[in-house]
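# Inside the fold
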Amino acid sequence: DAGVIQSPRHEVTEMGQEVTLRCKPISGHDYLFWYRQTMMRGLELLIYFNNNVPIDDSGMPEDRFSAKMPNASFSTLKIQPSEPRDSAVYFCASSPDRWGNTDTQYFGPGTRLTVL
Amino acid sequence: GQQVMQIPQYQHVQEGEDFTTYCNSSTTLSNIQWYKQRPGGHPVFLIQLVKSGEVKKQKRLTFQFGEAKKNSSLHITATQTTDVGTYFCAGPGSGAGSYQLTFGKGTKLSVIP
């Protein structure tokens, strides 16, 4: 299994530009999570999906952030317009639903975003 | 909302010394998970504890879940340079949020050869 795939691995952009991060979860996993990691705030959950449906987006910082999951094998996280404070590592993780409750989360390699 | 706190934030040890990180939750947890993130890497699942008072071992790593299911610890015996990284505990939400995890801030372990 290829694991969770994220692209791009690194993104450098200028303030005000649109940024799109992409994620391919592990095949067969029902849950997909987007996290943001910074030194100051640690690992924060932004949004998660179950069977392609957004379940909880309360962690999305503001309207500039949006996430979609058009099918079971693809999700995007978009920031428009981007700001320097959005600079962070963004992780996508997927999880099966084997136990009927919280299951292991498998993280992708992350996208390191720098907004100048 | 739920809070998961970890201490210490940083730990520097000489190779061969032991290491322990502690995790405390503001609420009772149905289970707790531990992850390790190597420098420049991504979090990788280590273990899940479910039962009150549960103790699990993975070679030199010992994981404990408190009797009240509100705290947990990870102990590494005789650290090696390969143990370097940040160790996170994570607890599930409750009710409708039970599929999401709240991560602690992590304990960053440095091992001096």
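See the structure printed just above.
Summarised in this report is the structure supplied together with it. (Residues numbered from 1 in each chain as written. Chains lettered and ligands numbered in written order. Predicted model: local features only at pLDDT ≥ 70, side-chain atom pairs only at ≥ 80, totals over all residues. Heavy atoms only, no water.)

### Observations concerning the nonpolar core
Put simply, the test is: Throughout, nonpolar core names a set of buried Ala, Val, Leu, Ile, Met, Phe, Trp, Tyr and Cys residues whose side chains join them through atoms within 4.5 Å. Residue exposure (1.4 Å probe, protein chains only): buried if accessible area is under 20% of the type maximum, exposed if over 50%, otherwise partly exposed. Only DSSP runs of H or I with at least four residues qualify as helices, and only runs of E with at least two residues qualify as strands; both kinds are numbered from the N terminus onward.
Core analysis: the largest hydrophobic core is formed by 21 residues, its most contacted members being Trp34, Leu77 and Tyr90 of chain A. Among the secondary structure elements, those contributing two or more residues to this core are strand S3 (19-24), strand S4 (31-38), strand S5 (42-50), strand S7 (65-71), strand S8 (74-79), strand S9 (88-95) and strand S11 (111-115) of chain A. Val4, Trp34, Leu49 and Leu61 of chain B belong to the second largest nonpolar core, which has 19 residues in total.

### Topic: the state of the cysteines
Filter applied, for reference: What counts as a disulfide here is a pair of cysteine sulfur atoms lying within 2.5 Å.
Counted by the stated rule, this structure contains two disulfides over all chains. A disulfide bridge connects Cys23 of chain A with Cys92 of chain A, and the sulfur atoms are separated by 1.9 Å. Given an S-S torsion of about -65 degrees, the disulfide between Cys23 of chain A and Cys92 of chain A has left-handed geometry. On the criterion of sequence distance, the pair formed by Cys23 of chain A in strand S3 and Cys92 of chain A in strand S9 is long-range, its members being 69 residues apart. Classification of Cys23 of chain A as buried rests on a relative accessible area of 2%. For Cys23 of chain B, the disulfide goes to Cys89 of chain B, at an S-S distance of 2.0 Å. Between Cys23 of chain B and Cys89 of chain B the sulfur-sulfur dihedral comes to about 80 degrees; the bridge is accordingly right-handed. In this pair, Cys23 of chain B is assigned in strand S3 (residues 19-25) and Cys89 of chain B in strand S9 (residues 85-92), connecting sequence segments 66 residues apart.

### Considerations on the sheet that holds strand S1 (residues 5-7) of chain A
All names here are of chain A. As a reminder, the rule being used: Two strands make a pair as long as DSSP finds a minimum of two bridges between them. Axis angles are defined between N-to-C directions and span 0 to 180 degrees, where every axis is a line fitted to C-alpha atoms and, for a helix, only to the segment in contact.
Taken in spatial order, the four strands of this open sheet run S1-S3-S8-S7, and their pairing is antiparallel. Two strands close off the open sheet at either side, each with one partner strand: S1 and S7. Averaged over neighbouring strand pairs, the angle between their axes works out to 15 degrees when direction is ignored. With three bridges connecting them, S1 and S3 associate as antiparallel partners. Bridge pairing in S3 places Ser7 opposite Arg22.

### Topic: the pairing of strand S6 (residues 53-56) of chain A
All names here are of chain A. Pairing of S5 with S6 involves three bridges; the strand directions are antiparallel. What sits directly across from Phe49, in S6, is Pro54. Taking the residues between adjacent antiparallel strands as the criterion, S5 and S6 are bridged by two residues, where Asn51 takes a positive phi near 50 degrees.

### Focus on the interface of chain B and chain A
The accessible area lost on association of the parts is a frequent measure of interface size. Note the following rule: When checking whether two residues touch, look at their non-hydrogen atoms; a contact exists if any pair is within 4.5 Å. When two parts are put together, the accessible area they lose, computed with a 1.4 Å probe and summed over both, is reported as buried area. Polar contacts here mean pairs of N or O atoms no more than 3.5 Å apart (in protein, one a potential hydrogen donor and the other a potential acceptor; neighbouring residues in sequence count only if both atoms are side-chain atoms). Amino acids outside the nonpolar list (Ala, Val, Leu, Ile, Met, Phe, Trp, Tyr, Cys, Pro) and the charged list (Asp, Glu, Lys, Arg) are all regarded as polar, and Gly is one of them.
In this complex, chain B contributes 20 residues to the contact, which on the side of chain A involves 24 residues. For chain B, the biggest contributors to the area lost against chain A are Tyr99, Gln100 and Phe103 of chain B; these three give 36% of the whole. On inspection of chain B and its partner chain A, the count reaches two residue pairs in polar contact (both at pLDDT 80 or more). Elements that contribute at least two residues to the side of chain B that touches chain A include exactly strand S4 (32-37), strand S5 (44-49), S9 and strand S10 (101-103) of chain B. For the side of chain B that touches chain A, the element with the highest residue contribution is S4 of chain B, accounting for three residues. Of the residues that constitute the side of chain B that touches chain A, the class distribution is 10 nonpolar, nine polar and one charged.

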